[in-house]
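These are the residues of each chain, in order.
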Amino acid sequence: MTSSLLPQGFRDRMPPEAEAAAQAMTAALSAIGARGYRRVAPPLAEYEEALVGRLKSAGARDLLRVLDPASRRMLALRPDITPQVGRIAGTRLAGAPRPLRLCYAGTVVRLAGGQLNPARELTQLGAELIGRDTVAAAAEIVAVAVDALQAAGATGLSIDLTLPDLVDLLAAGPLPLGPEKRERVRAILDAKDAGALVAAGAGGYLPLLEATGPFADAVARLRSLNFGTLFETRLAGLEAIVAPLGDEVRLTLDPTERHGFEYQSWFGFSLFADGHGAELGRGGSYTVLHGDGREEPAVGVSLYPDPLFAAPATGTRGRLFLPIGHRPAAAAAARADGWITVAAIDDDCDPALLDCTHRLAEDGPQLLG
Ligand SMILES: N[C@@H](Cc1c[nH]c[nH+]1)C(=O)O
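Residues numbered from 1 in each chain as written. Predicted model: local features only at pLDDT ≥ 70, side-chain atom pairs only at ≥ 80, totals over all residues. Heavy atoms only, no water.

In the annotation of an unreviewed UniProt entry, the chain is listed under the name ATP phosphoribosyltransferase regulatory subunit and assigned to Sphingomonas jejuensis.

(A) Structural view of the overall build of the chain. Broken down by element type, the chain carries 12 helices and 16 strands. Principal axes of the C-alpha set define a box for the chain whose edges measure 80 × 55 × 45 Å. Counting the 369 residues in the chain, one finds 45% classified as buried. The contacts in the chain between residues at least 6 apart in sequence include a share of 65% that link residues at least 24 apart. Per element, the accessible surface of the chain, about 17,900 Å² overall, is 56% carbon and sulfur. (Helix = DSSP H or I, 4+ residues; strand = E, 2+ residues; numbered from the N terminus. Buried < 20%, exposed > 50% of the residue type's maximum accessible area, 1.4 Å probe, protein only. Contact = heavy atoms within 4.5 Å. Areas by Shrake-Rupley, 256 points an atom, 1.4 Å probe, with all protein chains shown as cover.)

(B) Region of the structure containing the site of the ligand. The full set close to the ligand counts 14 residues, and Asp80, Thr82, Arg282, Ser302 and Tyr304 are the nearest of them. The side chain of glutamine 124 places a nitrogen or oxygen atom 3.4 Å from an oxygen atom of the ligand. At 2.9 Å, a side-chain N or O of glutamate 128 approaches a nitrogen atom of the ligand. Looking at which element gives the most residues to the shell around the ligand, the answer is strand β11 (residues 276–289), with four residues. (Near = heavy atom within 4 Å. Polar contact = N/O pair within 3.5 Å; in protein donor to acceptor, adjacent residues only side chain to side chain.)

(C) Highlighting the packing of helix α10 (residues 215–223) against helix α11 (residues 229–242). In contact at an axis separation of 10 Å, α10 and α11 are set at 165° when each is read in the N-to-C sense. For the element pair α10 / α11, the angle class is roughly antiparallel. For the element pair α10 and α11, the recorded crossing hand is left-handed. Seen from α10, the contacting residues are Phe215, Val219, Leu222 and Arg223; seen from α11, they are Phe231, Glu232, Leu235, Ala236, Leu238, Glu239 and Val242. (Axes fitted to C-alpha atoms, helices over the stretch in contact; angles between N-to-C directions. Parallel < 35°, antiparallel > 145°, perpendicular 65-115°, else oblique. Left-handed = near helix turned anticlockwise from the far one by under 90°.)

(D) Seen up close, the sheet that holds strand β7 (residues 157–162). One open sheet holds the nine strands; their spatial order is β1-β5-β6-β12-β11-β10-β7-β9-β8, and the pairing between them is mixed. Two strands lie at the open edges of the sheet, namely β1 (38–39) and β8 (213–214), each paired on one side alone. Sheet topology note: the β11/strand β12 (residues 295–303) ladder contains nine bridges and is antiparallel. Its bridge partner lying in β12, threonine 287 is registered against proline 297. (Pairing = 2+ DSSP bridges.)

(E) Structural view of the sheet that holds strand β13 (residues 319–322). If you walk across this open sheet you meet the four strands as β14-β13-β15-β16, and the pairing is mixed. What marks the edges here is a single partner per strand, and that holds for β14 (340–343) and β16 (364–367). Strand after strand, the sheet turns through a mean of 40° between neighbouring axes, direction not considered.

(F) Molecular detail of helix α5 (residues 135–151). With 17 residues, α5 should cover 24 Å at 1.5 Å per step; its first-to-last C-alpha distance of 24 Å lies within 8% of that length. Those residues of α5 lying buried are Ala137, Ala138, Ala139, Ile141, Val142, Val144, Ala145, Val146, Ala148 and Leu149. (Expected span 1.5 Å × (residues − 1).)

(G) Representation of the side chain of glutamate 17 within the structure. Turning to its location among the elements, glutamate 17 is positioned in helix α2 (residues 17–33). A residue is classified by how much of its surface remains accessible, and glutamate 17, at 17% relative accessible area, is buried. With near-sequence residues (within four places) excluded, glutamate 17 lies in contact with Arg11, Phe309 and Ala310.

This is the structure we're talking about:
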């Protein structure tokens, strides 16, 4: 039925999913806020060029556009809130002290759904740390992401790390490649196509394809390639970023993964949780462009928590039916105690049909028989 009422990739969120979503979003945002991130709320639509112009190497991909009759200009619905936060940091908050910590939550819209997830409207919430992209800044963002996902109810987290600009780093040093060849080699590595790599004359990059998997093993394998000090600095950086995490977060490394990391620079990561095949978040280091051409380093994370919300909201005791003539003070006390109350409006109201689990009696809530 919805499919005929709503465009493909858009859907209604219904109880209990919508309730679980609201609750989990609040919990995740307060976990981020508790680490000093101030909330910003940029608009759903902007001028198209403003949406793509603020992050270095962000392309005009994936935009759902509308012609605005008022300004006669092209507007785009935001596919990602990070560039908007970059715009705010580079304009209104250009003079604010650094590092600048900002967080956000809202809806983003894609031109087309992904292979795994056909949704075109997604909830995105996240945190951006602007003014630094050091190992310490990245470590904080990873910790914030873990806190926020756990607050939203995710368990069994795993993080897949990547080095988005690895090809540029190696091409300028130990594995020389002309600029014209780099894009091709990046695409081949992304597709993990060993044959094509050799055919493209970039056989030196082959060991990178094998250095994928559990973090410690993959780092050891990469380290043994002896690609020079700059590369070694990157590996040590990754180790320092994840060192505080402890054993409860599983770690993997896929050094050549670039899909979804179009504007990230030296560091990128994706987040997963038990029971959910789809990625729950993604982040990394990037560059904010200011109006005067200045570039500023930043690191951040965006969570896409929709898959977590299929579970019913937790932390409430149940739905308590309030019969006609109940004492309002008793009902208020029950709500304060975590009950959801559903009051009878007239004698026709049936507690079972109203999804109630309990009824408010003289001596308190009673299980409905
Ligand atoms: N907004 C990016 C992730 C990100 C946040 N900050 C830096 N990178 C995404 O959704 O892919």
